[in-house]
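Observations on chain architecture
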Amino acid sequence: MTTSFAERPPVVSGATGAMTPAWARLVGRVPESSNTTSYVLQFTDPQLARRFSFLPGQFNMLYLFGVGEAAISISSDPSETETLVHTIRHVGSVTFAMNRLRVGQCVGLRGPFGSSWPLEHCRGRDILLVAGGIGIAPLRPVIYQLLNNRDQYGRVILLYGVRSRADMIFERDVQNWSARPDIQVLVTVDYPDKSWTGPVGVVTKLLRRVRVESQRTSVFVCGPRVMNRATAHAFLSHYVSPEHIFVSLERNMRCGIGQCGHCQYGPKFVCKDGPVFSYASVQTIFGKDEV
Amino acid sequence: MHGAAMVTIRKNELNTLINSLRQDGYQVIGPTIRDGVIAYEPLDSIQQLPTGWTDHQDAGRYRLKRRSDGALFGYVVGPHSWKKYLFPPRQKIFGITRNGGDEFVYDPQPPDPPRYAFLGVRACELAAIDVQDRVFARQVPDPYYAAARRNALFIAVNCPEPGGTCFCASMDTGPRCKGGFDLALTELRTSFAIEIGSERGRKLVESLERQVADDNTRHLVDLMMQNAAGHMGRTLDTGDLPAILMNRLEHPHWNTVANKCMACANCTLVCPTCFCSNVEDKTDLTGNHAQRWRTWGSCFTLDFSYHTGGYVRSSIAGRYRQWLTHKLAGWHEQFESSGCVGCGRCITWCPVGIDITAEAATIASEAPQDQSINRCRVALED
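In short, a report on the structure.

Cut-offs applied
Starting from 1, residues in each chain are numbered consecutively following that chain's sequence as written. Chain letters start at A and ligand numbers start at 1, both assigned in the order the entries are written. The predicted origin of the model limits local features to residues at a pLDDT of at least 70 and limits the giving and counting of side-chain atom pairs to 80 or more, whereas totals for whole chains, interfaces and linings rest on all residues. The side-chain numbers reported here are obtained from all heavy atoms of the structure, hydrogens and water having been left aside. Every helix listed is a DSSP run of H or I at least four residues long, and every strand listed is a run of E at least two residues long, numbered separately from the N terminus. This radius of gyration counts C-alpha atoms alone. The globule rule is 2.2 Å times how many residues there are, raised to the power 0.38. A 1.4 Å probe rolled over the protein chains alone gives each residue an accessible area, and that area as a share of the maximum for its type sets the label: buried under 20%, exposed over 50%, partly exposed in between. Should any heavy atoms of two residues lie within 4.5 Å, those residues are counted as being in contact. Here the Shrake-Rupley method, with its probe set to 1.4 Å, supplies the accessible areas, and only the displayed protein chains count as covering residues. The charge count treats Lys and Arg as positive and Asp and Glu as negative. His and the chain ends do not count. Where a charge sits is defined by one atom per residue type, namely NZ (Lys), CZ (Arg), CG (Asp) or CD (Glu). The pairing criterion is simple: DSSP has to find at least two bridges between the two strands. Here a salt bridge means any side-chain nitrogen of Lys or Arg lying within 4 Å of a carboxyl oxygen belonging to Asp or Glu. To obtain each axis, a line is fitted to C-alpha atoms, and for helices this fit is confined to the stretch in contact; angles are then taken between N-to-C directions over 0 to 180 degrees. At every residue, the bend is computed as the angle between two fitted axes, covering the seven residues ending there and the seven beginning there respectively. Buried area is calculated as the accessible area (1.4 Å probe) missing from two parts once they are joined, with the contributions of both summed. Following the grouping adopted for this structure description, the nonpolar residues are Ala, Val, Leu, Ile, Met, Phe, Trp, Tyr, Cys and Pro, the charged ones are Asp, Glu, Lys and Arg, and the polar ones are all others, Gly among them. For crossovers, right-handed means that the path from the first strand over the helix to the second runs clockwise, given strands pointing away from the viewer.

**Observations regarding the overall build of chain B**
For chain B, the count of helices and strands is 13 helices and 16 strands. The C-alpha radius of gyration computed for chain B amounts to 23 Å, which stays within 12% of the reference 21 Å derived for 382 residues, consistent with globular compactness. With respect to the principal axes defined by its C-alpha atoms, chain B has extents near 80 × 65 × 35 Å. Buried positions account for 58% of the 382 residues belonging to chain B. Put simply, 72% of the contacts in chain B that link residues at least 6 apart link residues at least 24 apart. Surface summary for chain B: the accessible area is close to 16500 Å², and the carbon and sulfur share equals 49%.

Right under this line is the structure:
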């Protein structure tokens, strides 16, 4: 029950087709951890800036001149129209090049692509967000949107697992959310240091600390593969319906438009049928190796 | 019964047809012998057709042989397909120059593709082009493919003698051309029977010395094609195949095939429907001019599934399974058609003779004995 192709915002790209990037200027950098930075971007062409909008969970293809392209989810508030933010962990040639970019320089950008978290569909329900590491980036727009429309949803709970405290990103956001009465935030770390007094262990362990009303709960999951699997299965065993467990998946996306074939996942293209899938739509292949 | 208009022409009139196409500005592409195979190359006249040749095909085997007659189209499909013209193996997507600081200027758009007249397109190949249309010309049209496809003219040829690896009858794509052509030829002893499939085709035929086909000729063509449908080199039962394959992702036969498969990617390169590609970005030595190229990719290469988390399909079993289940199962959900048209190329050109019809049949007919392979077990909570 994720958004269909027709309901999505128009794709913004260069003048010569969906495979050519438009250009956006880096207007700000926010260091998030030792290897992760948030990049604030603004389209160089104001007309494109006005045309661009996105749904939580969608991604852009970011192009570093001559280096290559990478699919990166959008981590900013969808109602913010002046700028958009990508939160990037530096792990490959494109993301290393991104790290070298100075404020004022430009990146190529085309998007938004892909399906989104089904917020409309889940109105009135409890929303349980489970994030692992950098997986919180595509969930942050959801949290912004939930908090902007707080009266339309039941309880909102964020379970966030990180390797260590130093790996936690969006720390200020997490603190702000924790201070609010209308969202419950639980953070767990795998490797605690001496200052850590919170929960320790994998994120599914946090399930013991929250009350899940399975009939009225929708679960949004984004993290490493093993976490996604364990979390989905944990909620299934709590009797949450497979139609109400949503998982954002990661594959190597080269085109974003279902033509290059790299992101195939069974009969799905992660770039256009996903990245957000309901568990029900992929349950026959979910967790199978090498599909 | 095929009610379309049908005429007959003498075989030499095909030259008149080629000439008038060339005068109309078409680049005529058709079968010719190159490097010991029948390839699709630019043609000036029927002299370049493989007249009097046929091909013997089997799993991992392809040989050209002399025929006892002078048939112009007495063979089936070779390793090439029309895909290389509509979806070129290497294609520049854009060039871009960085001027000093932050001004980026795209190169002018490349010229439009030539107007192609494809001569000798087989029924399975018309079906394959329809399959690729669903990838490249529907939701987000590819500019080059859409332009080449829109202008292309199709002179099809029916196959009265299917090859050793053909199974178009099983895939319901042939041996008779059902649509998607401008003209469809059936080669008779001294003439061609021509079905007219479009207004463009009708105009073309008007310039030829022709006769309206009589009932005997129509009947003969029907009989030839019925006979051909019963003489396929291979068969494939497609009944519930998509569901069966997707339920047998852990069948041990995937590993049996993988023990033979060299992951050479030949099958994906000769396949007329395989559409996967790589996107390559690079710069010149100054670093100020960059290009993006699209090149044919293959799910059989290890790199194909690489992403920051590693390789999705590190085993050959996983890659073969991906290819076969995509062709015969996943394609239906993605594009509302099979990804296989039954042309048999992947069987013929597999260096070790892996046969898609045999492997699919084995997986479909034998319930797996051993459920343990490739099974991942998930530790939920400690």
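**Focus on the overall build of chain A**
Assigned secondary structure in chain A consists of 6 helices and 14 strands. Taken over C-alpha atoms, the radius of gyration comes to 18 Å for chain A, in line with the 19 Å a tight globule of 291 residues would show. Counted over contacts in chain A with a minimum sequence separation of 6, partners at least 24 positions apart contribute 71%. Split by element, the accessible area of chain A, about 11300 Å² in all, is 50% carbon and sulfur. Charge centroids of chain A, computed over 31 positive and 22 negative side chains, lie 4 Å from each other.

**Points about the pairing of strand β7 (residues 103-106) of chain B**
Each regular strand shows side chains that alternate between the opposite faces of the sheet. All names here are of chain B. Pairing analysis gives 4 bridges linking strand β6 (residues 90-99) to β7, with the strands arranged antiparallel. Residue pairing in the sheet places R98 in a bridge with F104 of β7. Here β6 folds back onto β7 in antiparallel fashion, the turn holding 3 residues, of which G100 has a positive phi close to 55°.

**Some details on the pattern of salt bridges**
With the rule as written, the count across this model stands at 32 salt bridges over all chains. The shortest N-O distance in the salt bridge between R34 of chain B and E41 of chain B comes to 2.6 Å. Members of the salt-bridge network, linked through shared partners, are D126, R155, R211, E213 and R216 of chain A.

**Side note on the sheet that holds strand β14 (residues 289-296) of chain B**
Residue and element names in this part refer to chain B. Taken in spatial order, the 4 strands of this open sheet run β7-β6-β14-β13, and their pairing is antiparallel. Single-partner strands in this sheet number two, and they are β7 and β13 (277-283). Strand-to-strand twist in this sheet, taken as the mean axis angle between neighbours without regard to direction, amounts to 20°. Relative to β14, β13 runs antiparallel, the two being bridged by 7 bridges. Paired with S277 across the strands is W296, a residue of β14.

**Quick word on the sheet that holds strand β4 (residues 68-73) of chain A**
Residues and elements named next belong to chain A. On the basis of which strands lie adjacent, the open sheet formed by 6 strands has the order β4-β3-β6-β1-β2-β5 and antiparallel pairing. The outermost strands of the open sheet, each flanked by one partner alone, are β4 and β5 (84-89). Mean inter-strand twist for the sheet, computed between neighbouring axes without regard to direction, equals 40°. Sheet topology places strand β2 (residues 36-43) next to β5; 6 bridges connect them, and they run antiparallel.

**A closer look at helix α11 (residues 316-335) of chain B**
Residues and elements named next belong to chain B. Helix geometry: α11 is bent most strongly at H326, by close to 55°. Burial runs high along α11: 17 of the 20 residues are buried. Just past α11, the residue E336 takes up positive phi, approximately 55°.

**Considering the interface of chain B and chain A**
The extent of an interface is frequently quoted as the accessible surface area lost upon association of the parts. Counting residues at the interface gives 52 residues for chain B and 48 residues for chain A. Carbon and sulfur atoms supply 54% of the area that chain B and chain A bury against each other, a total of about 4500 Å² over both sides. Scanning the region where chain B abuts chain A turns up 2 salt bridges. For the side of chain B that touches chain A, the secondary-structure elements that each account for two or more residues are β6, β7, α3 (123-136), β13, β14, β15 (306-307) and α11 of chain B. Here the side of chain B that touches chain A is composed, by residue class, of 22 nonpolar, 18 polar and 12 charged.

**A short note on the pairing of strand β8 (residues 156-162) of chain A**
Residue and element names in this part refer to chain A. Counting buried residues in β8 gives 7 out of 7 residues, a clear majority hidden from the surface. Taking every second residue as pointing to the same face, both faces of β8 are buried, with V156, L158, Y160 and V162 on one and I157, L159 and G161 on the other. Pairing geometry for strand β7 (residues 126-132) and β8, over 6 bridges, is parallel. From the neighbouring strand, V130 faces β8, where its bridge partner is L159. In this fold, the crossover linking β7 to β8 by way of helix α3 (residues 140-148) has right-handed handedness.

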